[in-house]
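Listed here are the chains, written in short residue letters.
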Amino acid sequence: SFESSVPEPLRNLWKKFAATNFSNKEQFQKEVVHHVETTLARSLYNCDDLAVYSGAALAMRDKLIIDWNKTQQAHTLADQKRVYYLSLEFLMGRTLDNALLNRDIKGYAAEGVSELGFRMEDLIEQEHDAALGNGGLGRLAACFLDSLASLSYPAWGYGLRYRYGIFKQEIIDGYQVEVPDYWLDFNPWEFPRHDITVDIMFYGYVRRYTEEDGSTVNIWEGGEVVQALAYDVPIPGYGTSTTNNLRLWSSKPSTGEFDFQKFNSGDYESSVRDQQRAETISAVLYPNDNIDVGKELRLKQQYFWVAASLYDIVRRFKKSHRAWTEFPHQVAIQLNDTHPTLAIVELMRILVDKEHLDWDTAWNIVTETFGYTNHTVLPEALEKWSVPLFQNLLPRHLQIIYDINLFFLQSVERRFPKDRELLGRVSIIEESNPQVIRMAYLAIIGSKKVNGVAELHSDLIKTTIFKDFVNIFGPDKFTNVTNGVTPRRWLHQANPQLSALIKEKLGSYDFLKDLSLLSGLEKFADDKTFQKEWMDIKLRNKQRLAKYIKDTTGISVNPSALFDIQVKRIHEYKRQQMNIFGVISRYLSLKAMTKEERAKQVPRVSIFGGKAAPGYWMAKTIIRLITAVSEVVNNDADIGDLLKVVFIEDYNVSKAEFLCPASDLSEHISTAGTEASGTSNMKFVLNGGLIIGTCDGANIEITREIGEERIFLFGNLAEDVEDLRHAHRYGKTPMDPSLKEVCDEIQKGTFGEPGVFAGLIHALTEGGDYYLVSDDFASYLSTHKLVDEAFKDTAAWAHNTIVAVSRMGFFTSDRAINEYADEIWNIDPVKVD
Ligand code: F58
């Protein structure tokens, strides 16, 4: 073992001085003060929230890194198969609160800082979100890391250390303005590994020659070289000392590349340019959600990250001196969408060009190693790379892709000799002008398993976009793993009062490790005292949100009104436009009512939040309509508290943490068949809110679990969408009359200059209403009426939310991770200590 590689006396001396860490309040305080005074060079007399937050974070980091070391040693010793989760996005949010709770030391830590004269809530607020992701896909990766560590799986995440995460959103004069998110000025949660670097090559050419034995060898040489430097982020599990690693790569000039010659000879500017070109690779996260734009820098990011990660994975494997054929028994690699698909090609290049394995052996290893998760069926989101662009950047990889494609098409032709069109349909290369590489097809062909992220979505990929591949590979290659969310962050951390109440009823916090235990709540669903406590917590969470809204927007909202929340990326398919049209329709009906009628209405607060991709003009127009409607409605004396409209600026993970507990109703209203899963639907229900939603993504499974009497479903089904679109294209479907009224009102100028919103109206009319807003609008409005009625019966509402929570056990990311581990990765947990 590696222990015996060090002589015993040395080992003992080391152990005598080995790092220890705090395990009670006084020791914690000592560490905090120590860091404030030494690491931060501050003092008792020069100390604020930020300094104490920093001290506490550094103390916590020391604690985590000790467990991290133990974990890595245990994993090395166990020598079991590991999983590597490759994701271009990890939307982690804040760490301090989560780490304190996962290590179960928040109690004494909060007391400790309070004695030092500070409040833990204020310190937590000092932390900058780690926002290295766009939306659901990135947050899913973060929930998965939490579950992998909590379940003690030997797992690593690999990603990019963007200098700028997702932009900050400001709303100026009602419009979204993007501000860069520079988050690294103080980040205590990462460890630079100056000893772990990989040189990554781009461009150049392929030299081909024949060996004496007649075999051909391809060598890729001559291109630009950039260095990847590793930064490690510890990921603490809940209720275990397992602390896994998230390794993020940062780009810098390679030591060979930075031209000291130029620098010294006075060509300072060009040497700085070289440096900046290298650093640009990991500089920014692309801010697009569900759209592929095909920029060279994005491909550079992908290859840089994939090549560095694979080098690292292969290096770790080679230490064990196993035969290459053992590789898939030691390594599983999961591709979070197609962004890391180059890993399939890069591993082929390593095995064939560098390790000189024959093609078939290498291909067998590769196709036993990878799994591919698909997150979308939207055609505009499927990644495609132009062949000329790709060839220039990665010439050898293009050759390998051509070979993979050739062998694949040959095997298809052998099996389906009559079907000539099939070859064109499934070819990795699309014969467009220019030719493009279909990354999803490459990912399918190179993986052992392909999965969708909710049942409907997994069925849809099998029957639509990947239908031919089901025919070719058989149905078993395609599977479903329904998404989940971590109850540690999304219940315990976001809603500590609800978590504590549940603990009181169930007798322990075991439900945080086994969420199915929530079922024990159901028997209290009709208990009046319990209902009261339950609804009081909801009210307090709504009051906290009301205060936040008042402080940040100046809008006063009534905490006992029905809080109706839609927060997620702004996208036409998610249909925030339908929500705001519904709000306008409600406003018009309220206006038309007598005083007496108005008095009978349920007061509502409609809350929106979410970022639009900077280049997505229609999404930005939707934001502008929401803010325009809020300006009118909130200042209309006839309406008062009956309707308020709020746009929450800069929606992110830490805002989601206080929004989810404060909803009565949340909206998950995508056109059926477009939202692969959705995960905020799970978070809202888990926090005691109900859903209005379409039969889409995980809404369907949520309905199955909690019962259809506890969810407000509406709208057309996925199976009818194609026909409806067809009807719009050829028939001229008349617009729904209520929607027509709304459009007329917008065009009258009630919400400001109507020209601003012309694009939105055009999309519904001449544009063919691709997202079927008109088709679903009547059913959407009538379902909102049902919500109003249901909300009046507080006891029934309380009952339904309690029952719903008690049946949400399925939606923990622990369940999802166990399914991946058993069905796709074949890995087992490793006990640490
Ligand atoms: C999301 N995809 C799905 N993509 O839209 C959502 O239904 C699902 O719940 C979630 O994944 C997790 O499975 C998503 O967030 C992106 O943001 C990509 C970022 C990179 C460019 C392409 C879109």
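Since we're looking at a predicted model, the values are computed, not measured.

## Things to note about the overall build of the protein
Here's step 1: When its secondary structure is counted, the protein shows 34 helices and 24 strands.
Here's step 2: Against the compact-globule benchmark of 28 Å for 833 residues, the protein has a radius of gyration of 28 Å, which places it among compact chains.
Here's step 3: Looking at the protein as a whole, 47% of its 833 residues qualify as buried.
Here's step 4: Put simply, 77% of the contacts in the protein that link residues at least 6 apart link residues at least 24 apart.

## Examining the sheet that holds strand β1 (residues 82-86)
Here's step 1: Overall, mixed pairing links the nine strands, which are arranged β7-β10-β11-β4-β1-β12-β13-β17-β18 in an open sheet. Taken across any chain shown, the strands that pair with only one partner, and hence form the sheet edges, are β7 (191-202) and β18 (478-480). The average undirected angle you get between the axes of adjacent strands in this sheet is 25°.
Here's step 2: In the packing of helix α9 (residues 268-280) onto the sheet, contacts are made with β10 (224-236) and β11 (243-253), and the angle to β11 comes to roughly 150°.

## Structural notes on the site of the ligand
Here's step 1: If you check the shell around the ligand, you find 19 residues, and the closest are G136, L137, H375, A676 and S677.
Here's step 2: Among the residues making up the shell around the ligand, the classes are represented as five nonpolar, 12 polar and two charged.

## A closer look at the pairing of β10
Here's step 1: Relative to β10, β7 runs antiparallel, the two being bridged by nine bridges. Counted as the bridge partner of V198 is A228 from β10.
Here's step 2: With 11 bridges joining them, β10 and β11 adopt antiparallel strand pairing. In the strand pairing of β11, A228 is matched with S251.
Here's step 3: What sits between β10 and β11 in their antiparallel hairpin is a turn of six residues, with G239 showing a positive phi close to 65°.

## Notes on helix α23 (residues 576-592)
Because the α-helix completes a turn every 3.6 residues, residues three or four places apart line up on one side.
Here's step 1: For α23, with 17 residues, the first-to-last C-alpha span of 25 Å sits near the 24 Å given by 1.5 Å per residue.
Here's step 2: Every buried residue of α23 is listed here: Q576, Q577, M578, N579, I580, F581, G582, V583, I584, R586 and Y587.

## Regarding the pairing of strand β17 (residues 449-452)
Here's step 1: Judged by which residues are buried, β17 turns out to be covered on both faces: K449 and N451 on one side and V450 and G452 on the other are all buried.
Here's step 2: Where strand β13 (residues 370-373) and β17 come together, three bridges link them in parallel fashion. Considered in β17, the bridge of T373 is made with N451.

## Details of the UniProt feature "modified residue: N6-(pyridoxal phosphate)lysine" (unreviewed entry) in the protein
Here's step 1: Following the UniProt record, one finds the feature "modified residue: N6-(pyridoxal phosphate)lysine" (unreviewed entry) at K683.
Here's step 2: Along the chain, K683 falls in helix α27 (residues 680-686).
Here's step 3: Judged by local crowding, K683 falls into the buried class, with 30 C-beta atoms found within 10 Å.
Here's step 4: Not counting the four nearest positions on each side in its chain, K683 is found in contact with V485, W490 and C660.

## Section: the sheet that holds strand β16 (residues 436-438)
Here's step 1: The three strands are arranged β14-β16-β15 in an open sheet whose pairing can be described as antiparallel. Looking along the sheet, the strands with just one partner apiece sit at the ends: β14 (384-386) and β15 (429-430).
Here's step 2: The sheet contact formed by β15 and β16 spans two bridges and is antiparallel. Counted as the bridge partner of I429 is I437 from β16.

## Here we look at helix α5 (residues 106-115)
Here's step 1: Where α5 is concerned, the buried positions are K106, A109, G112 and V113. Projected down its long axis, α5 shows its buried positions confined to an angular sector of 125°, all on one face. Turned more than 90 degrees away from the buried face of α5, the exposed residues are G107, S114 and E115.
Here's step 2: Contact partners of the buried residues in α5: α2 (25-39), α3 (49-78), α4 (96-102) and α6 (120-125).
Here's step 3: Phi for G117, located one or two positions after α5, is positive at around 100°.

## With respect to the packing of helix α7 (residues 136-150) against helix α34 (residues 813-825)
Here's step 1: Viewed as axis vectors pointing N to C, α7 and α34 meet at an angle of 75°, and their least axial separation amounts to 9 Å. One way to sum up the angle between α7 and α34 is to call them roughly perpendicular. Contacts between α7 and α34 involve C143, F144, D146, S147, L148 and S150 from the former and S813, D814 and I817 from the latter.

## Side note on the packing of α23 against helix α30 (residues 737-748)
Here's step 1: The contact between α23 and α30 brings their axes to 9 Å, and the two run at 85°. On the basis of their axis angle, the class for α23 and α30 is roughly perpendicular. In this structure, α23 uses F581, I584, S585 and L588 to contact α30, whose residues at the interface are S738, L739, E741, V742 and E745.
Here's step 2: Looking at the contact of α23 with α30 residue by residue, the class counts come to five nonpolar, two polar and two charged.

Conventions and cut-offs
- Residues numbered from 1 in each chain as written.
- Predicted model: local features only at pLDDT ≥ 70, side-chain atom pairs only at ≥ 80, totals over all residues.
- Helix = DSSP H or I, 4+ residues; strand = E, 2+ residues; numbered from the N terminus.
- Rg over C-alpha atoms; globule rule 2.2 N^0.38 Å.
- Buried ≥ 20, exposed ≤ 12 C-beta atoms within 10 Å, placed from the backbone.
- Contact = placed C-beta atoms within 7 Å.
- Pairing = 2+ DSSP bridges.
- Axes fitted to C-alpha atoms, helices over the stretch in contact; angles between N-to-C directions.
- Near = placed C-beta within 6 Å.
- Nonpolar A, V, L, I, M, F, W, Y, C, P; charged D, E, K, R; others polar.
- Expected span 1.5 Å × (residues − 1).
- UniProt positions renumbered as here; feature names shortened; annotations may be inferred.
- Arc of directions from axis to C-beta.
- Parallel < 35°, antiparallel > 145°, perpendicular 65-115°, else oblique.

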